[in-house]
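Observations on the three-dimensional arrangement
Residues per chain are reported as follows:
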Amino acid sequence: MKHFINIRDIPSKELKKIIFDAKKRKSKRKKFGTLDSDRDFPLKGKLLIQMFEKSSLRTRLSFYIAIKQLDGGALTLRPDELHLNKGGESLLDTAKIISSFGNAFMLRTDSEEKLNILKKYMTIPVINGLSPKSHPTQVLSDVFTIEEIKKKSISKLQICWIGDSNNVLNSLIEASVKFSFKLNIGCPKNYEPNKELLNWVKKNNGKIKIFNDSKEAAIGSDVIFTDKVISMNDKVNKFRKIKNFKKFKVTSAVMKCAKKDAIFLHCLPRGPEVSNDVFLGKQSKVFQQALNRIYVQKSILLYCFEKLR
Ligand code: CP
Ligand code: NVA
């Protein structure tokens, strides 16, 4: 069994296999109902236990549908209904119980440390469904969406991120190394990606450029990404941060700097970082992006169960 915690821990070959499997499985489901199982029933009888310590719509729905389409089942736990952190049950005991009742565990957490402790004690695959530092299932799905729309390998495209250096960007940076694509980042001076990650990129011959100007970052790009200025784990002065990001809003003027056929992506939920006309405009593929989470979650689950063919 394999965990899926950070993109950087997973070899490129395996990540590409996940994308390949997702493409194949999606193409075979044209006449299937949402909950119909894939014909090979690969996770028959398996139970995915998922727990959300923070809000979620897309990740929750897509993992539920994903495991059902693989012929397994899902149970969603709310942390406030468990003994964990309240009734004195330790992480070790919780990990052992979840491991013996379920076959895979997906966690959205506000603590990197908790994720690592649970991973240490669990004997079933653990999937990171968003942590303060990364959002790997989102970004892998976004690579899938980009290749689906652009009909070419992401390694031949220029991707641009405009906005905060948050969990989604961290995973996108890791993906840029694993999938060898060019990544321009447009963000204010004091909000640049963390040094440790940038050093890792350097060591691994990544192709990242940082701009403190959104339009410069967008020039010649095939994809413009952004995400909320204030993430769920952000404990900053919100008004000040939003003010500091005023010039980093994705507007039609920014989209015009990208290639003519550039697309706009946003993992949702959204905030003031994108104008309404861009978000709902022709170049925006945000709803296709959201729905594709199902297909990629399925292949991530199969990777974790070592069932990728
Ligand atoms: N993009 C994403 O992870 O959405 P949710 O927070 O709704 O799961
Ligand atoms: N960066 C956002 C992503 C939400 C899916 C957050 O962590 O809140």
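Since the model is a prediction, treat every value here as computed from it, not as a measurement.

Criteria and thresholds
Residues numbered from 1 in each chain as written. Chains lettered and ligands numbered in written order. Predicted model: local features only at pLDDT ≥ 70, side-chain atom pairs only at ≥ 80, totals over all residues. Heavy atoms only, no water. Near = heavy atom within 4 Å. Polar contact = N/O pair within 3.5 Å; in protein donor to acceptor, adjacent residues only side chain to side chain. Areas by Shrake-Rupley, 256 points an atom, 1.4 Å probe, with all protein chains shown as cover. 1 Å grid on protein atoms, 1.4 Å probe; cavity = no way out; pocket = protein on both sides within 12 Å on 5 of 7 lines; lining within 4 Å. Sits in = over half its atoms within 2 Å of the grid points. Nonpolar A, V, L, I, M, F, W, Y, C, P; charged D, E, K, R; others polar. Pairing = 2+ DSSP bridges. Helix = DSSP H or I, 4+ residues; strand = E, 2+ residues; numbered from the N terminus. Axes fitted to C-alpha atoms, helices over the stretch in contact; angles between N-to-C directions. Contact = heavy atoms within 4.5 Å. Core = buried A, V, L, I, M, F, W, Y, C linked by side-chain atoms within 4.5 Å. Buried < 20%, exposed > 50% of the residue type's maximum accessible area, 1.4 Å probe, protein only. Parallel < 35°, antiparallel > 145°, perpendicular 65-115°, else oblique. Left-handed = near helix turned anticlockwise from the far one by under 90°.

1. Quick notes on the site of ligand 2
- In the neighbourhood of ligand 2, the contacting residues comprise Leu130, His135, Asn166, Asn167, Asp227, Ser231, Met232, Cys267 and Leu268.
- Contact distances for ligand 2 include 2.7 Å between a nitrogen atom and a side-chain N or O atom of Asp227.
- About the coverage of ligand 2: the protein hides 97% of its 270 Å² of free accessible area.
- If you map ligand 2 onto the pockets, it falls in the largest pocket.
- For the shell around ligand 2, the class distribution of residues is 4 nonpolar, 4 polar and 1 charged.

2. A look at the sheet that holds strand β5 (residues 158–162)
- Taken together, 5 strands build an open sheet; the order of strands is β7-β6-β5-β8-β9 and the sheet is parallel. Since the sheet does not close on itself, it has two edges, and those belong to β7 (208–211) and β9 (263–266), each with one partner. Across the sheet, the mean angle separating the axes of adjacent strands is 20° when strand polarity is ignored.
- Where β5 lies against strand β8 (residues 223–226), 3 bridges are found, and the strand directions are parallel. Paired with Ile159 across the strands is Val223, a residue of β8.
- Sitting on the sheet, helix α5 (residues 136–150) is in contact with β5, β8 and β9, with an inclination near 160° to β9.

3. A short note on the nonpolar core
- Counting residues in hydrophobic clusters, the biggest one holds 54 residues, and the most contacted among them are Phe4, Leu140, Ile159, Phe179, Leu183 and Leu301.
- Phe179 has contacts with Leu15, Lys16, Ile19, Leu140, Val143, Ile154 and Ser155, leaving out every residue within four places of it along the chain.
- Grouped together as the second largest cluster of nonpolar side chains are 21 residues, Phe211, Val229, Phe248 and Met255 included.

4. Here's the deal with the site of ligand 1
- In the region of ligand 1, the neighbouring residues are Ser55, Ser56, Leu57, Arg58, Thr59, Arg108, His135, Gln138, Cys267, Leu268 and Arg293.
- Leu57 is positioned such that a nitrogen or oxygen atom in its backbone is 2.6 Å from an oxygen atom of ligand 1.
- Contacts to ligand 1 include Cys267, whose backbone N or O atom sits 2.9 Å from a nitrogen atom.
- Expressed as a share of its isolated accessible area of 260 Å², the protein-covered part of ligand 1 is 96%.
- Its atoms largely coinciding with the cavity grid, ligand 1 occupies the largest pocket.

5. Concerning the sheet that holds strand β4 (residues 126–128)
- An order of β2-β1-β3-β4 is seen for the 4 strands of this open sheet, with the pairing classed as parallel. Two strands bound the open sheet, and with one partner strand each, they are β2 (73–77) and β4. The sheet shows a mean angle of 20° between the axes of neighbouring strands, taken without regard to direction.
- Where strand β1 (residues 47–52) lies against strand β3 (residues 104–108), 5 bridges are found, and the strand directions are parallel. Counterpart to Gln50 in the pairing with β3 is Met106.
- Along the sheet, helix α2 (residues 58–69) makes contact with β1, β2, β3 and β4, crossing β1 at roughly 175°.

6. A look at the side chain of Ser176
- Secondary-structure assignment places Ser176 in helix α6 (residues 167–178).
- A distance of 2.7 Å separates a polar atom in the side chain of Ser176 from the backbone oxygen of Ile173.
- If sequence neighbours within four positions are ignored, Ser176 has contacts with Phe181, Leu183 and Ile208.

7. With respect to the packing of α2 against helix α12 (residues 286–304)
- Two numbers describe how α2 lies on α12: the axes approach to 8 Å, and their chain directions differ by 50°. Here α2 is positioned oblique relative to α12, judged by the angle of their axes. Handedness of the α2/α12 crossing: right-handed. When α2 is examined against α12, the residues Arg58, Thr59, Ser62, Phe63, Ile65, Ala66, Ile67 and Gln69 are found in contact with a partner set consisting of Ala290, Arg293, Ile294, Tyr295, Gln297, Lys298 and Leu301.
- Across the contact of α2 with α12, the residue classes tally to 8 nonpolar, 4 polar and 3 charged.

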